[in-house]
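So the chains spell out like this:
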Amino acid sequence: MTTPAETTSAAESGAPTSAVEQRLAELGLTLPEVAAPVADYVPAIVSGNYVYTSGQLPFINGKLEATGKVSLGELGASDEPTVDPEDAKRYAALCAINALAAVKSVIGDLDRVTRIVKVVGFVSSEPTFTGQPGVINGASELLGQVFGDAGKHARSAVGVSVLPLDSPVEVELIAEFS
């Protein structure tokens, strides 16, 4: 899997522009360009002191690294592609990075984030897969590493039958800022 660090940030200088981006850099990650919407919506919107992101897919350089349903592979042969839960967990982290890029696009500086309030994660799952919380831990753990205590959040992890573009995972978040 390509890592988010292989994407380019808006500031091509390579130097992180905020303490949050410095922490991302220490993890070997950079913020990508905000993913273009795949329908009629905006990537993020501000209301009061909150940023609400649209659902973010695990795009790297505008492409999904994998498609299909998350599965433990216990269902036997399938006509549809499947994604291992550990890979899906990494994709959830990538979704969170893409969500942070969307947040930055509307508030300008991630150092303004005072708390990640809520994360909602959707996992395209085979019918017998019940490990959605473990998959979405990829996003939650990343946000904790980047924001510390301010990255602790309320969360939902939901299994669904299909996601846009046959993505295995989608994450949205609500961030409070000053």
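In the block above lies the structure referred to throughout.
These numbers were taken from a predicted model, which means no experiment stands behind them. What you see as residue numbers is a count from 1 along each chain, following the sequence as written. The model is predicted, so local features are restricted to residues of pLDDT at least 70 and side-chain atom pairs to those at 80 or more, both for listing and for counting; the totals for chains, interfaces and linings are taken over all residues. Calculation of side-chain values draws on the structure's entire complement of heavy atoms; hydrogens and water are dropped beforehand.

> I'd like a rundown of the overall build of the chain, residues and numbers included.
Each helix is a run of H or I in the DSSP string that is no shorter than four residues. Each strand is a run of E no shorter than two, and both are numbered from the N terminus. Helix and strand content of the chain: three helices and nine strands. In the chain, the succession of helices and strands from N to C terminus is α-β-β-β-β-β-β-α-β-α-β-β. In what follows, residue pairs with any heavy atoms lying within 4.5 Å of each other are defined as contacts. Counting only contacts in the chain whose residues sit at least 6 apart along the sequence, the fraction spanning at least 24 positions is 78%. Using a 1.4 Å probe, accessible areas were evaluated by the Shrake-Rupley method; residue-level cover was limited to the displayed protein chains. A total accessible area of about 8,300 Å² is found for the chain, and carbon and sulfur atoms account for 51% of it.

> Hey, could you go over the packing of helix H1 (residues 19-26) against helix H3 (residues 132-147) for me, with residue numbers and the actual values?
Between H1 and H3, the least distance of the axes is 8 Å, while the angle of their chain directions is 120°. Of the possible angle classes, the one that applies to H1 and H3 is oblique. Seen along the crossing, H1 lies across H3 with a hand that is right-handed. Across from Val20, Arg23 and Leu24 in H1, the residues of H3 making contact are Gln145, Val146 and Phe147. Each residue gets one label: Ala, Val, Leu, Ile, Met, Phe, Trp, Tyr, Cys and Pro are nonpolar, Asp, Glu, Lys and Arg are charged, and the others, such as Gly, are polar. Residue classes in the contact of H1 with H3 are distributed as four nonpolar, one polar and one charged. Helix axes are fitted only over the stretch in contact, all axes being lines through C-alpha atoms; the angle between N-to-C directions runs from 0 to 180 degrees. Should an angle fall under 35 degrees it is called roughly parallel, over 145 degrees roughly antiparallel, and 65 to 115 degrees roughly perpendicular, with every other angle called oblique. Handedness of each helix crossing follows the sense of rotation of the near helix against the far helix: counterclockwise by less than a right angle gives left-handed, clockwise gives right-handed.

> Describe in detail H3, supporting the description with residues and values.
An α-helix turns once per 3.6 residues; consequently, residues spaced three or four apart project the same way. Relative to the 22 Å expected for 16 residues at 1.5 Å per residue, H3 spans 23 Å between its end C-alpha atoms, a close match to the ideal helical length. Remark: the principal bend of H3, roughly 35°, maps to Gly138. In this structure, the buried side of H3 is in contact with H1, strand S5 (69-70), helix H2 (85-107), strand S7 (113-124), strand S8 (154-160) and strand S9 (169-177). Gly148 sits one or two residues past H3 and shows a positive phi near 65°. Expected span, for any helix, means 1.5 Å times one less than how many residues it has. The term bend refers to the angle at a residue between two fitted axes, each drawn through seven residues, those ending there and those starting there.

> An account of a nonpolar patch on the surface is needed here, citing residue identities and associated values.
Among the surface-exposed residues, Val42, Ile45, Tyr50, Tyr52 and Val117 lie close enough to one another that they form a single nonpolar patch of about 410 Å² accessible area. Of note, Val42 is situated in the loop between H1 and strand S1 (44-47). Two distance rules govern patches: like charges are joined within 9 Å, and nonpolar side chains (Val, Leu, Ile, Met, Phe, Trp, Tyr) within 5 Å, applied only to residues with over 30% relative accessible area and no salt bridge. By convention in these notes, a salt bridge is any Lys or Arg side-chain nitrogen within 4 Å of a carboxyl oxygen on Asp or Glu.

> I'd love a proper account of the pairing of S1, names of residues and values included.
Bridge analysis of S1 against strand S2 (residues 50-53) gives four bridges, and the strand direction is antiparallel. Its bridge partner being in S2, Ile45 is matched across the sheet by Tyr52. Strand pairing follows a simple DSSP-based rule, namely that at least 2 bridges must link the two strands. Hairpin connection from S1 to S2: two residues lie between these consecutive antiparallel strands, with Gly48 at a positive phi of about 60°.

> Quick rundown of the sheet that holds S9? Include the residues and the values.
An order of S1-S2-S9-S7-S8 is seen for the five strands of this open sheet, with the pairing classed as mixed. The open sheet has two edge strands with one neighbour each: S1 and S8. In this sheet, neighbouring strand axes are inclined to one another by 15° on average, regardless of whether the strands run parallel or antiparallel. The strands that H3 touches are S7, S8 and S9; relative to S7, the one it contacts most, it runs at about 160°.

> So what about the side chain of Ser54? Which residues, and what values?
Within the secondary structure, Ser54 is located in the loop between S2 and strand S3 (59-60). Apart from residues no more than four positions distant in its own chain, Ser54 is found in contact with Tyr41, Val42, Pro43, Val171 and Glu172.

> Tell me about unusual backbone geometry, and name the residues and values.
A positive phi angle is found at Leu165, which is not glycine, with a value near 60°. Structurally, Leu165 is set in the loop between S8 and S9. The residue Asp166 is not glycine, and still its phi comes out positive at about 65°. Tracing the backbone through its elements, the reader meets Asp166 in the loop between S8 and S9. Judged by relative accessible area, which is 23%, Asp166 ranks as partly exposed. Throughout this description, buried means an accessible area under 20% of the type-specific maximum (1.4 Å probe, protein chains only), exposed means over 50%, and partly exposed covers the range between.

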